[in-house]
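Chains, contacts and geometry: an overview
One-letter residues, chain by chain:
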Amino acid sequence: MYICLALILFSALIIILILNIPAFGRLPSGARLEKIKLLPVYHDGAIKNFVDTPDLPAGVTYWDVLKAMIQGNPNKRPPAPLPFVQPEIGSVEGTKVTWFGHSSYLLQIDKLKILVDPVFSKSTSPFSFIGNRSYDGTDFIHAEDFDHVDIVLITHDHYDHLDMDSIIKLKDRTGYFITSLGVGAHLERWGVAPENITELCWSESTSLLGLTFTAAPARHFSGRKFKRGQTLWSSFVIQTPVYKLFLGGDSGYEDHFKKIGEEYGPFDLAILECGQYNAFWPYIHMFPEQVVLAAKDLKAQLLLPVHWAKFSLALHNWDDSIRRVVKSAEEQHQHITTPLLGETILLGAKYPSSKWWLNVAAAKQ
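The text that follows walks through the structure, step by step, so that each part is easy to find. (Residues numbered from 1 in each chain as written. Predicted model: local features only at pLDDT ≥ 70, side-chain atom pairs only at ≥ 80, totals over all residues. Heavy atoms only, no water.)

Considering the overall build of the protein
- Of the regular secondary structure elements, the protein holds nine helices and 15 strands.
- In terms of overall size, the protein behaves like a compact globule, its C-alpha atoms giving a radius of gyration of 20 Å where 365 residues would be expected to give roughly 21 Å.
- C-alpha atoms of the protein, sized along the principal axes, occupy 75 × 50 × 40 Å.
- The buried share among the 365 residues of the protein stands at 55%.
- Long-range contacts, defined here as pairs at least 24 residues apart, represent 70% of the contacts in the protein between residues at least 6 apart.
- A total accessible area of about 16,000 Å² is found for the protein, and carbon and sulfur atoms account for 57% of it. (Helix = DSSP H or I, 4+ residues; strand = E, 2+ residues; numbered from the N terminus. Rg over C-alpha atoms; globule rule 2.2 N^0.38 Å. Buried < 20%, exposed > 50% of the residue type's maximum accessible area, 1.4 Å probe, protein only. Contact = heavy atoms within 4.5 Å. Areas by Shrake-Rupley, 256 points an atom, 1.4 Å probe, with all protein chains shown as cover.)

So, in structure tokens, the structure goes:
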């Protein structure tokens with residue numbers, strides 16, 4: 001009896017310790033939680049999508065997904081290190097975008113620096129020793145490389161968009177944090193001062209340093225522990241003195257892109273996720289052809305596809321997404337830019353378009 005009781009207590013202690021791991025962050029509480037409960041998409045203890053979004057499509061089971069994961073794909077990772085350009089992160093005149101791989105990039109708007117979803121760790125996991133490892137060649141930029149960042153913008157709280165180690169290293173170098181409602185609870189646990197955090201609901205705006213930020217819907221989900229939908233996930237519209245930008249975060253395809261385009265567009269640039277899709281989860285990530293449709297819906301003059309070229313979180317070939325989105329953009333006459341990692345886009349002047357991934361793929365031959 002005493003042995004059984006000891007085992008139960010030991011197990012409970014282990015569970016408590018696991019749940020208290022800092023990388024899990026902190027769930028919203030108090031006034032923050034009360035505001036979440038007032039959201040029109042909050043039902044049955046969680047935030048929902050604006051349309052029905054099943055975890056799995058009809059006819060698919062979790063066993064099907066597990067079998068596919070176990071089978072894997074030998075081409076999920078590139079056969080050689082990815083090429084990169086050492087990024088220029090000093091402030092210059094104009095509006096620049098520098099992509100670091102996956103969904104991390106730097107916006108430089110004249111003298112302002114805005115880091116979006118900075119993930120400089122080598123894995124997308126609460127534990128550094130497990131999880132999806134970054135590709136060779138992608139470890140060319142670090143949080144320590146930034147002396148000062150005006151704003152860090154976080155779209156949602158998944159590990160491949162919100163990285164505790166990067167936030168801890170950036171928090172004392174950053175003026176302000178802008179994010180979706182509820183995500184501030186994670187940031188505060190990691191030492192970010194509450195007065196430096198602005199959390200937005202969908203359709204809510206804030207003006208900061210001469211820019212206007214508006215949170216907009218996305219079809220996705222959130223969660224760092226075991227329960228989804230405790231914090232909001234968003235796309236963002238940024239109005240600068242010259243340009244209008246759309247930052248897509250993560251989202252499956254739906255008519256919200258057209259509604260956003262009609263309400264806030266047209267956009268000079270749309271930065272949209274392109275990668276980590278699968279027929280087993282078709283509602284929460286876009287297939288490459290849908291990325292082009294979304295850009296069209298948004299009335300985007302230029303498309304920058306991200307959410308690829310650093311981590312493999314799905315089963316498709318590492319370069320399948322970029323090959324397909326470029327092909328679809330050419331067919332649909334959608335202007336697209338495909339920079340190397342670390343290479344800078346200068347709006348109105350410089351739009352890199354080399355198909356650099358073909359050289360990486362050729363390394364296997």
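So that's the structure; there's more coming.
Here we look at the sheet that holds strand β8 (residues 197-200)
- In space, the seven strands of this open sheet follow the order β8-β7-β6-β5-β4-β3-β15, with mixed pairing throughout. Each edge of the open sheet is held by one strand with a lone partner, namely β8 and β15 (344-346). Within the sheet, the average angular offset between the axes of one strand and its neighbour, ignoring direction, is 20 degrees.
- Pairing of strand β7 (residues 174-180) with β8, which is carried by four bridges, proceeds in the parallel orientation. Counted as the bridge partner of Phe-177 is Ile-197 from β8. (Pairing = 2+ DSSP bridges. Axes fitted to C-alpha atoms, helices over the stretch in contact; angles between N-to-C directions.)

A word on the packing of aromatic side chains
- Taken as a whole and judged by the stated rule, the model has 17 aromatic pairs.
- Measuring from ring centre to ring centre gives 6.1 Å for Phe-100 and Phe-120, while their planes differ by 55 degrees; the resulting arrangement is tilted. Here Phe-100, found in the loop between β3 (95-99) and β4 (105-109), pairs with Phe-120, found in the loop between β5 (112-116) and β6 (149-154); they are 20 residues apart in sequence, far enough to count as distant.
- For Phe-120, a relative accessible area of 9% gives the class buried.
- Ring plane angle 20 degrees and centroid distance 6.0 Å describe the contact between Tyr-253 and Phe-257, whose orientation is recorded as stacked.
- The partly exposed category is assigned to Tyr-253, whose relative accessible area is 25%.
- Residue class for Phe-257 comes out buried when judged on its relative accessible area of 1%.
- One aromatic cluster is present, formed by Trp-99, Trp-308, Trp-318, Trp-356 and Trp-357 through successive ring pairs.
- Positioned above the aromatic ring of Phe-221 is the side chain of Arg-228, whose terminal nitrogen or guanidinium carbon lies 3.7 Å from the ring centre. (Phe/Tyr/Trp six-rings, centres within 6.5 Å; stacked < 30°, edge-to-face > 60°. Lys NZ or Arg CZ within 6 Å of the ring centre and 35° of its normal.)

Quick look at the sheet that holds strand β11 (residues 235-239)
- Strand order in the open sheet formed by six strands is β9-β10-β11-β12-β13-β14, with mixed pairing between adjacent strands. Looking at strand neighbours, the two that pair on one side only are β9 (205-208) and β14 (303-306), the edges of this open sheet. Each strand of the sheet is rotated relative to its neighbour by a mean of 15 degrees, with strand direction disregarded.
- Across five bridges, the pairing between strand β10 (residues 211-216) and β11 is antiparallel. Of the residues in β11, the one forming a bridge with Thr-214 is Val-237.
- In the packing of helix α7 (residues 288-298) onto the sheet, contacts are made with β12 (244-247), β13 (269-273) and β14, and the angle to β13 comes to roughly 150 degrees.

Concerning the nonpolar core
- One finds Leu-107, Phe-146, Leu-247 and Leu-272 to be the most contacted residues of the largest nonpolar core, which totals 87 residues.
- Those residues in contact with Leu-107 that lie beyond four places of it in its chain are Lys-96, Val-97, Leu-112, Lys-113, Ile-114, Val-116, Ile-238, Leu-245, Leu-247 and Ile-271.
- The next biggest cluster of nonpolar side chains, apart from the first, holds eleven residues, and it includes Val-41, Ile-47, Leu-181 and Cys-201. (Core = buried A, V, L, I, M, F, W, Y, C linked by side-chain atoms within 4.5 Å.)

Observations regarding the pattern of salt bridges
- Going through the model one piece at a time under the given rule, you end up with 15 salt bridges.
- Connected through salt bridges with shared partners, the residues Arg-32, Glu-188 and Glu-199 form a single ionic network. (Salt bridge = Lys/Arg side-chain N within 4 Å of Asp/Glu carboxyl O.)

Comments concerning the packing of helix α6 (residues 256-264) against α7
- Where α6 contacts α7, the axes come no closer than 7 Å and their chain directions differ by 25 degrees. It follows from the interaxial angle that α6 and α7 lie roughly parallel. The handedness of the crossing between α6 and α7 is right-handed. Residues Phe-257, Lys-258, Ile-260 and Gly-261 of α6 lie in contact with α7, whose contacting residues are Ala-294, Asp-297 and Leu-298.
- Residue classes in the contact of α6 with α7 are distributed as four nonpolar, one polar and two charged. (Parallel < 35°, antiparallel > 145°, perpendicular 65-115°, else oblique. Left-handed = near helix turned anticlockwise from the far one by under 90°. Nonpolar A, V, L, I, M, F, W, Y, C, P; charged D, E, K, R; others polar.)

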